[in-house]
Amino acid sequence: DIHECFSAFDRIMERHGMEKIKTIGDAYMAAGGLPVPNTTHAGDAVRAALELRDFIEQGKHDKMARGLPFFEVRIGIHTGPVVAGIVGVKKFAYDIWGDTVNTASRMESSGAPGRVNISQSTHALIKQDAAFRFEHRGRVQAKGKGEIEMWFVEPALPAGRRA
């Protein structure tokens, strides 16, 4: 199941111009706007996250119908500067570091299953995008960060509906 999910995630990330960074157990980390900077990274990340969430939700419904165990997903997105580069001398790995990475992790852990939770900095970059609607969560306590302004984000139109 993990291989199936992560393979689908890889394809979703590629479609949205995102860079897979790594997997750690059942966690999957990706970033937008690198290695080549762009101005669409926040929207790209949210679009990819919503597609990823929908993939997991469909799998959940399929497995529930067959009485099988299923995955749920929490997704967190934060926007900010990172340090990126290659680490190691034996097994090279492209990785990212910095407070932005830590805050993104807190967005995930402070989220809810089946929801995409974004920070104030991400919201500021995409709030005018008509493709999204937002549910303001207010200031939420985040481990090691104090209170952080957060929003849940959804597509402006339910999946399958076209304007």
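Details of the structure are given in the entry above.
What counts, and where the lines are drawn
- Residues numbered from 1 in each chain as written.
- Predicted model: local features only at pLDDT ≥ 70, side-chain atom pairs only at ≥ 80, totals over all residues.
- Heavy atoms only, no water.
- Helix = DSSP H or I, 4+ residues; strand = E, 2+ residues; numbered from the N terminus.
- Expected span 1.5 Å × (residues − 1).
- Salt bridge = Lys/Arg side-chain N within 4 Å of Asp/Glu carboxyl O.
- Buried < 20%, exposed > 50% of the residue type's maximum accessible area, 1.4 Å probe, protein only.

(A) Seen up close, helix H2 (residues 41–65). Spanning 25 residues, H2 covers 36 Å between terminal C-alpha atoms, matching the ideal 36 Å at 1.5 Å per step. Backbone geometry just after H2 places Gly 67 at a positive phi near 70 degrees.

(B) Summary view of the pattern of salt bridges. Scanning all chains against the criterion turns up 14 salt bridges. For Glu 135, the salt bridge identified is with Arg 115, shortest N-O distance 3.0 Å. You can see Glu 135 sitting in strand S7 (residues 132–142) and its partner Arg 115 sitting in the loop between helix H3 (99–109) and strand S6 (116–119), a full 20 residues away along the chain. Given a relative accessible area of 40%, Glu 135 falls into the partly exposed group. Here Glu 154 and Arg 115 are joined by a salt bridge, their closest N and O atoms 3.4 Å apart. Separated by 39 residues along the polypeptide, Glu 154 in strand S8 (residues 146–155) and Arg 115 in the loop between H3 and S6 bring together distant segments of the chain. Classification of Arg 115 as partly exposed rests on a relative accessible area of 22%. When salt bridges that share partners are traced, they join Arg 53, Asp 54, Arg 115, Glu 135 and Glu 154 into one network.

Nothing here speaks to function; it is all geometry.
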